[in-house]
Amino acid sequence: MAHTIDWIRFRFQAQKRNSLSETTPLLSSPSLNSTAKGQRSPTLTKQRIIIPNNRMLSKDSERQMRNCTSNKITTRKYTIINFLPKNFIEQCKRFANVYFLLLAFLNWIPSIEVFHKEITMLPIIIVMSVTAIKDGVEDFKRYQFDKKINETMTRVFDWKQRRYVETYWKDVHVGDFAQLSCNEIIPADILLLHSSEQNGICYIETSNLDGETNLKQRLAVKGFSNHDSEFEPMNFNNTIVCENPNNDLNKFKGFVNKSEEKIGFDKESLLIRGCTIRNTNVTVGIVVYAGHETKAMLNNNGPRSKQSKLERKMNVDVVCCMVLMVVMCLVGAIGHRIWVGTFTSWPPFELPEQTFSFISSAASLLHTFLTMVILLQVLIPISLYVSIELAKLGQIYFICNDVELYDERTGTRLECRALNITEDLGQIQYIFTDKTGTLTENKMAFRLCTIMGTEYQHDKNTERLSKRAQTSISDEDGPLLEGSASINHPQNGASDQWRKCPMLTGQPQSILSGQQHTDCTSQTKSMLHCGPSQRAACNNSIEKDIVPDEGLLKRIRGAVAHLESPTQLNAGAGLESACIIDFFLALALCNTVMVSTATQPRQPVLSSLSKSSTEPLSMMHQVLQKFKTARKTSTCPPSHPSSCSPGSLCNEPLLSPNVSPSSSCGAGSAEGDDGSGADGIDNLSVTAEAARNIGGEDEAIVDEDIYYEAESPDEAALVHAARAYNFTLFSRTPDQVTIKLPHGGLLSFELLHTLAFDSTRKRMSVIVMHPLTKEIVVYTKGADSVIMDLLEHVGKDDLEEQEKHRRITEETQRHLDRYASSGLRTLCVAKKVLTDGEYVKWAHLRHEAETSIEQREPLMMETALRLETNLKLLGATAVEDCLQDGVPSTIAAFREAGIVTWVLTGDKQETAVYIAHACKLLHPNDVIFTLNSEHQDICEALLDCVLDDVGKYNGLDCATSKLTANFAPSSSSPLKPSFGLVIDGKTLSVIFQANLQNKFLEVAKCCQSVVCCRSTPRQKSMVVELVRDRLKAMTLAIGDGSNDVSMIQAADVGIGITGQEGMQAVMASDFAISHFKYLRKLLLVHGHWCHSRLANMIIYYFYKNVAYVNLLFWYQFYCGFSGSSMIDYWLMIFFNLLFTSLPPLTCGILDKDVSAEMLLEFPELYRSCQRSGAYNHWSFWITMLDAFYQSLVCFFVPYFTYQGSNIDIFTFGTPMNTLSLFTILAHLAIETKTWTWLHWVSMIGSIAFYFLITLVYSAVCITCNSPSDPYWIIQRQMTDPLFHLVCLITPILALLPRYLIRSLQGTLFSSPLLKARQLDNLDKDRQFQAIRVWKGLDNSGNYMPNLTESTDQSREEHANNPSAVTSDPGSQFVSVPVGIAEIRSSVNRV
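Computed from a predicted model, the values in this text were never measured in an experiment.

### Quick notes on the overall build of the protein chain
- Scanning the protein chain from N- to C-terminus turns up 47 helices and 33 strands.
- Within the span of the protein chain, comprising 1390 residues, buried residues form 58% of the whole.
- Across the protein chain, every contact between residues at least 6 apart in sequence was considered, and the portion connecting residues at least 24 apart equals 77%.

Below is the structure:
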């Protein structure tokens, strides 16, 4: 394409400059038509060609496009065909299932059959069937959700009928034209071609994608959208070329071939599946990606088969039991051969085969070995798996019905979507959380502002937020102590309470919370879903109820009063007053906020000045021109406004020859210039005067309730702040913004350009034309780190103005530093006035950049950088990002519990760091390391420097430390501070590409918290997988949007947040909760209980089976290792399935080692489950030794008691079976921590059921097991006193060692869990005093140092340590500056 001379000159000058005010990799291209070194060519080498399905280009277009993936989605794991084999293979991951399948097969061999082969198969069939049914039910829920989504209706153009017809989402294909209405969810990735709004703008809400309810703008491809006419698909005869499907949400580019012209487009024209159309009546686009090729689905890796850590360890112990059984079987086989060898001739009980020959010794050895395997098979507890499944169901029932986890506002409760990993909730070591919608409410509260170096404290506004915070804190008090927040953190004063922003309990539910997805088949039907609930996200009381500062209000009143007689003002006062007015005009103008009314929610207010307002403005303009005659004017080219449309590019100058382009404010204006001072206030004084005459129908519109919907919550907060001072944003159209002034007048600014915010520039700007002076003004707001470098430089000749400029800048920067240290989000506000020539020249450059196909983004960046220079500083604002209720206390509890929290967010770095400070993830005294680098060498050097610094603090070399899950690094010494890490997505990409993962993990291990900002969904999942696989740590991921799906599925436990942010994260999660604060009880209480219950139940089952099976093994020494049993087989089966199954199941569901109040009061108790204290290798083998000891006692006490008597085999085995039952149940009673009536019923009922079944079985079974029948054996023995004496003494002897050990543990070696359990048994007063002592408070309430407060002690003392540089979240790299300054400077140069 041809470029203008101005454009080529501009590009040439840009190449000659050694550096820019901001250097970015995008701007390093050596020439106009070549790419930079190391950058990819913009040519679409891997591209997709899309032919529209309208038969205009090809009659075969439908068939060609149907080769692409359909729009049908599938998230389930199974189908009807593969369910049985796939589920069978998945269940075979349990070694016990494979083991029992093998035994069932062996028992079908007649020569080694021990028991009835059909009965042997029954247990394994029951176990696998129950598990399969459970998995099938879970997957059926996924199928139902898929079906609901796939059968949602949308409108697609049918070329046969020449109109739009309703069709299912699953029937949409690539190349189809889709028509969407307001509040309709986008069914596929669609290229926007037409919008009913002006300039082809479409507004979407991405809450279902990233959790943000703020509106985003999308632009139709140029040349196809006309809001005055409908889009005709039959007239679209162009092909579309775009990139192949990928999972990058921030990348999309291509072009449309239109009449030998290529029209480029980018991600701003892409409507992503799952987003919602807002504030736009009708949109039309063509489908470019469908189904699993859409960007949202490509970021969804599909459900991962998860197996709990406890179950994985149990598989290892099952293998150990199998090895133990093999050893016992070998002993039996060898013993049998030795015993047979004692016979002088072939034993009479060994029968020959049909050939009258005896089997060989090797075959006999194998035969005996397999017989022993079948006899001792119960050593592996198959009933354990059934009991685990039932126990988990019971646990989930109580978790889901926990009243404290129920959200009354939305009527939702905790939802468990995975039934096999509840115990993992008690072993979490790392939590990975999203920010927006998870930690925050995504709502901002205006706090402070500074204008022209003067700070306005807004004390009453701070009081309002403090009251809310105190209400929130009172709700978060500990369950046992009043004001437990101060007890947990006695060093935190009340001054920190204002940082908390509570959740509004009255916040309405979003449209998506009710799962009202896309039933909108027409605009009328979709409008039924447009209610006040949609307005709440951006118009909550936190944002709206702003108490103005009295001093600032007086200044505004004074400015207005003085402006009525400008000739009486000196220039300095006039400039300062004008800058205050300009400051609030900038807040109201410099944004993309849409305006809605109460009568038309979710619909923009498009009206500007009515006819009644035109005449007063004409009078204002005439009066203004009289003032202009006395001013200095500059020579300007003639204007032809009639030839230019708002926001369009004009070839003619835009300014009137009688209008001066000079600035209306700023320190750089000369006070001695009469025209300068008046120029800053002319238009405002006349506006104030004419405003009194404005009335009519506009006044009625203004008085209506106005609702704002913004792309970001800080924009909404600032617009509400301007409205609080009566600078009301009244309406916005693509080319015009109307502001209501303090005196009621309406002023419409012509909107020429909007330069949106991006992470590179860190600012946004709007270019407007003043309706009266016709001045072209640039309003800019952005981060102070960039705005301060873009301010104009005052000439050295004017020392007074130079000093004034310096004072304003320094004061503003000092205020900004204090705001940032308080965890507030800050923005600088500036302005610039352009001459007509400057604007026209820049506008042509901008047009060339917008229409460029190659290197479009870097060229647009360069034009923005050229405009945003020599700005005049107006002031700065400070807003507070409102956290969800209970987030700071929850994260503080996790920190005490030894859980490391990582924030993985796609938000910008400044925002993420501010939120980390506000939610107490990063403490003020933490040493924070910030890694921002796009180059491998610098990134590696930064990691090495961090490791060196951490090693100096901790006195160790982290680089050589063992790479393990050293979670929750503690700071028990004042010389060892806490560390935090901040890293961005580009640095993460370098780390993964350059194989620096180990160094990164070494750094992260030393940190209490990590913040990863600007992270893509794929990077989130990669980080989770890295920690999970390399550190072998238990991970939990929590999020609320579809961009969190990959992270949720990659973690060991995935948590989805229900509510207004959609259902994709919930559908991919294992558990769904409505608020982040519920995670505290879910982990610290239910997680602890679930893990301890299942751990004790599993180890008890191993003990029970080993102790019982060993009775059979000891008997083999007295029966020649023949595989005989002294206990009836049916009673052996009933022993595990009926007599000893209910009590451990009851404990696995109801047992509580510590109360919920104690677990919440002392989060450090969670560490016992993290360390697997109840179930580890030591506890397993100690329990196995105890089982062997108890089996010896239970066998040999009856043996020596009946030695020498003439009792038969079953008479000898019946008392042994009975006392084993007593011993095993008494063992469980010793280990039970909480007794309820269900525990007593299960214990007593099991014993009673045993005697009932045994008595009935012995009475009716005459020939059940011939020739040794159990007929009337138990009846005769119960009349023998010796039987009762043996059953009483033997359990006491067997359990005496365990009882003594438990007693000593409770007295001499008391653990924190035992201490907490003892506190549960105290009365309320004594319990209260004991808790105070434990927490480090004496009876008088004074703080006493305690080990639990060592971390907070170290932070306080570290605050006075001069070695720590600073904790300013805005710093690029915070650490001990050992060789880092040089690296930092090199990073800034890159």
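### What to know about the packing of helix H34 (residues 1078-1116) against helix H35 (residues 1129-1139)
- The contact between H34 and H35 brings their axes to 11 Å, and the two run at 165°. Of the possible angle classes, the one that applies to H34 and H35 is roughly antiparallel. Once H34 is placed against H35, the crossing between them reads as right-handed. Residue-level inspection shows Lys1104, Asn1105, Tyr1108 and Leu1112 of H34 in contact with H35, the latter providing Leu1131, Met1132, Phe1135 and Asn1136.
- Within the contact of H34 with H35, the residues separate by chemical class into 5 nonpolar, 2 polar and 1 charged.

### Some points on the packing of aromatic side chains
- A full pass over the atoms with the stated rule returns 50 aromatic pairs.
- Summarising the aromatic geometry, the rings of Phe1139 and Phe1249 are spaced 6.3 Å apart at their centres and angled 70° between planes, so their arrangement reads as edge-to-face. One end of the pair, Phe1139, is in helix H35; the other, Phe1249, is in helix H41 (residues 1237-1260), and 110 residues separate them in sequence.
- You can call Phe1139 buried: its relative accessible area is 0%.
- Taken together, a centroid distance of 4.7 Å and an interplanar angle of 35° make the contact between Trp1235 and Trp1240 tilted.
- By relative accessible area, which is 32% here, Trp1235 ends up partly exposed.

### Concerning the confidence of the model for the protein chain
- Per-residue confidence for the protein chain gives a mean pLDDT of 75; residues scoring 70 or more make up 72%.
- pLDDT under 50 marks residues 1-45. Its contacts with residues more than four places away, or in other chains, come to 73 contacts.
- Within the model, pLDDT remains below 50 along residues 607-703, and this stretch shows 186 contacts once partners closer than five positions in the same chain are excluded.

### As for the sheet that holds strand S12 (residues 276-278)
- Strand order in this open sheet of 3 strands is S7-S6-S12, and the pairing throughout is antiparallel. Of all strands in the sheet, those with a lone pairing partner are strand S7 (215-219) and S12, marking the two edges. When the angles between neighbouring strand axes are averaged without regard to direction, this sheet yields 45°.
- Note that strand S6 (residues 201-205) and S7 share 5 bridges and pair antiparallel. Residue pairing for S7: Glu205 is matched across the bridge by Leu215.

Rules behind the numbers
Residues numbered from 1 in each chain as written. Predicted model: local features only at pLDDT ≥ 70, side-chain atom pairs only at ≥ 80, totals over all residues. Heavy atoms only, no water. Helix = DSSP H or I, 4+ residues; strand = E, 2+ residues; numbered from the N terminus. Buried < 20%, exposed > 50% of the residue type's maximum accessible area, 1.4 Å probe, protein only. Contact = heavy atoms within 4.5 Å. Axes fitted to C-alpha atoms, helices over the stretch in contact; angles between N-to-C directions. Parallel < 35°, antiparallel > 145°, perpendicular 65-115°, else oblique. Left-handed = near helix turned anticlockwise from the far one by under 90°. Nonpolar A, V, L, I, M, F, W, Y, C, P; charged D, E, K, R; others polar. Phe/Tyr/Trp six-rings, centres within 6.5 Å; stacked < 30°, edge-to-face > 60°. pLDDT = per-residue confidence, 0-100. Pairing = 2+ DSSP bridges.

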